[in-house]
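Spelled out, the chains give:
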Amino acid sequence: MINSNLKSIIVPKPWIIEAAVQALREYLELRPQATLIEFGTGCSTAFFAQFKINQISIEHDPRWHSQVQLYLNQNNLTWVNLELIKGNYYEVLQRFQQNSIDIILVDGQHRLKCLEHGARILKPGGLIMLDDSQHEKYQVADQFFSGWQKYQVVGEKPNPISGEIQIAQATWWIKP
Ligand SMILES: C[S@@+](CC[C@H](N)C(=O)[O-])C[C@H]1O[C@@H](n2cnc3c(N)ncnc32)[C@H](O)[C@@H]1O
């Protein structure tokens, strides 16, 4: 069932530690023409929408997609392209030319594949961010970013549903 009381669920504050959000904010403020792709939608979708950039937000879960689309509709955020893609949704990146995208946020499914394919389409100077990069399974991600500038932050991340505080890490790389 769709919950129409979205103000309590979706707020323009990404479910990512604040230091990483600050890095995204600073990056976007300098690039009003940016094109952004995010994997894993929700509060980050609402946050990015504030910048009125070219935003493509990819979601795998039909129910959550409906919730986020309702939020966008209720707030007239018509410039956000929210797409529902099930399965290997990183394959959507084949649609984009090499060196064509400014920012990619990887915060959903198939994170390593999203990073690998994202590296190709990012512009020189572009930023790709992985949330929850502390997990062992993501340590191999560096292989996609040899020679790129790397930044890493650790901090508290409140779960917007339970309110529980988690310690998490976010990592981002800038393409040379
Ligand atoms: C880590 S979350 C993505 C979070 C998003 N980038 C943000 O900052 O809010 C990964 C997936 O969890 C699901 N999800 C996110 N928020 C949810 C919520 N409040 N309730 C149910 N599912 C949620 C969606 O399918 C989403 O793609």
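Above this note sits the structure.
Notes on the structure follow. Only a predicted model underlies this, so the values are computations on that prediction, with no experimental measurement involved.

**Considering the overall build of the chain**
Right, so step 1: The helix and strand tally for the chain stands at 4 helices and 7 strands.
Right, so step 2: For the chain, the α and β elements follow one another from N to C terminus as α-β-α-β-α-β-β-α-β-β-β.
Right, so step 3: Radius of gyration (C-alpha) of the chain: 15 Å, near the 16 Å computed for a compact globule of 176 residues.
Right, so step 4: If one aligns the C-alpha atoms of the chain with their principal axes, the spans along those axes are about 45 × 35 × 35 Å.
Right, so step 5: A buried classification covers 37% of the 176 residues belonging to the chain.
Right, so step 6: Restricting the contact set of the chain to residue pairs at least 6 apart, pairs at least 24 apart contribute 65%.

**Some words on the sheet that holds strand E1 (residues 35–39)**
Right, so step 1: Ordered by their spatial adjacency, 7 strands build an open sheet running E3-E2-E1-E4-E5-E7-E6, and the pairing between neighbours is mixed. At either end of the open sheet lies a strand with only one pairing partner, and these are strand E3 (80–84) and strand E6 (149–158). Neighbouring strand axes in the sheet, compared pairwise and without regard to direction, differ in orientation by 15 degrees on average.
Right, so step 2: Inspection of the sheet shows strand E2 (residues 54–59) paired to E3 by 5 bridges, in the parallel sense. Counterpart to Ser57 in the pairing with E3 is Leu82.

**Description of the site of the ligand**
Right, so step 1: Close to the ligand lie 16 residues; Trp15, Gly40, Gly42, Cys43 and Ser44 are nearest.
Right, so step 2: Here the shell around the ligand is built from residues that sort into 8 nonpolar, 5 polar and 3 charged.

**Things to note about the nonpolar core**
Right, so step 1: If you look at the biggest cluster of nonpolar residues, it comprises 43 residues, and the most contacted ones within it are Ala20, Ile104, Val106, Leu115, Ile128, Met129 and Ala170.
Right, so step 2: For Leu115, the residues in contact, after removing those within four places along its chain, are Val106, Ile128, Leu130, Ala141 and Phe144.

**A word on the pairing of E6**
Right, so step 1: Across 10 bridges, E6 lies against strand E7 (residues 165–174) in antiparallel orientation. Note on E7: the bridge partner recorded for Val154 is Gln169.

**Some words on helix H3 (residues 62–74)**
Right, so step 1: For H3, spanning 13 residues, the distance from its first C-alpha to its last is 18 Å, which sits close to the expected 18 Å at 1.5 Å a residue.
Right, so step 2: For H3, the full list of buried residues reads Gln67, Val68, Tyr71 and Leu72. Summarising the axial view, the buried residues of H3 lie within an arc of 135 degrees, below the 170-degree limit, and thus occupy one face. Exposed residues on H3 whose side chains face more than 90 degrees from its buried face are Pro62, Arg63, Asn73 and Gln74.

**Side note on helix H1 (residues 18–29)**
Right, so step 1: Here H1 is 12 residues long and its end C-alpha atoms lie 16 Å apart, about the 16 Å a rise of 1.5 Å per residue gives.
Right, so step 2: Within H1, burial applies to Ala20, Val21 and Leu24. The arc that holds the buried residues of H1, viewed along the axis, is 100 degrees, so those residues lie on one side. Counted as exposed and oriented over 90 degrees from the buried face of H1: Gln22, Glu26 and Glu29.
Right, so step 3: The secondary structure elements touched by the buried residues of H1 are strand E5 (122–131), E6 and E7.

Reading the values: rules and limits
- Residues numbered from 1 in each chain as written.
- Predicted model: local features only at pLDDT ≥ 70, side-chain atom pairs only at ≥ 80, totals over all residues.
- Helix = DSSP H or I, 4+ residues; strand = E, 2+ residues; numbered from the N terminus.
- Rg over C-alpha atoms; globule rule 2.2 N^0.38 Å.
- Buried ≥ 20, exposed ≤ 12 C-beta atoms within 10 Å, placed from the backbone.
- Contact = placed C-beta atoms within 7 Å.
- Pairing = 2+ DSSP bridges.
- Axes fitted to C-alpha atoms, helices over the stretch in contact; angles between N-to-C directions.
- Near = placed C-beta within 6 Å.
- Nonpolar A, V, L, I, M, F, W, Y, C, P; charged D, E, K, R; others polar.
- Core = buried A, V, L, I, M, F, W, Y, C linked by C-beta atoms within 7 Å.
- Expected span 1.5 Å × (residues − 1).
- Arc of directions from axis to C-beta.

Coordinates in, geometry out; function isn't part of it.
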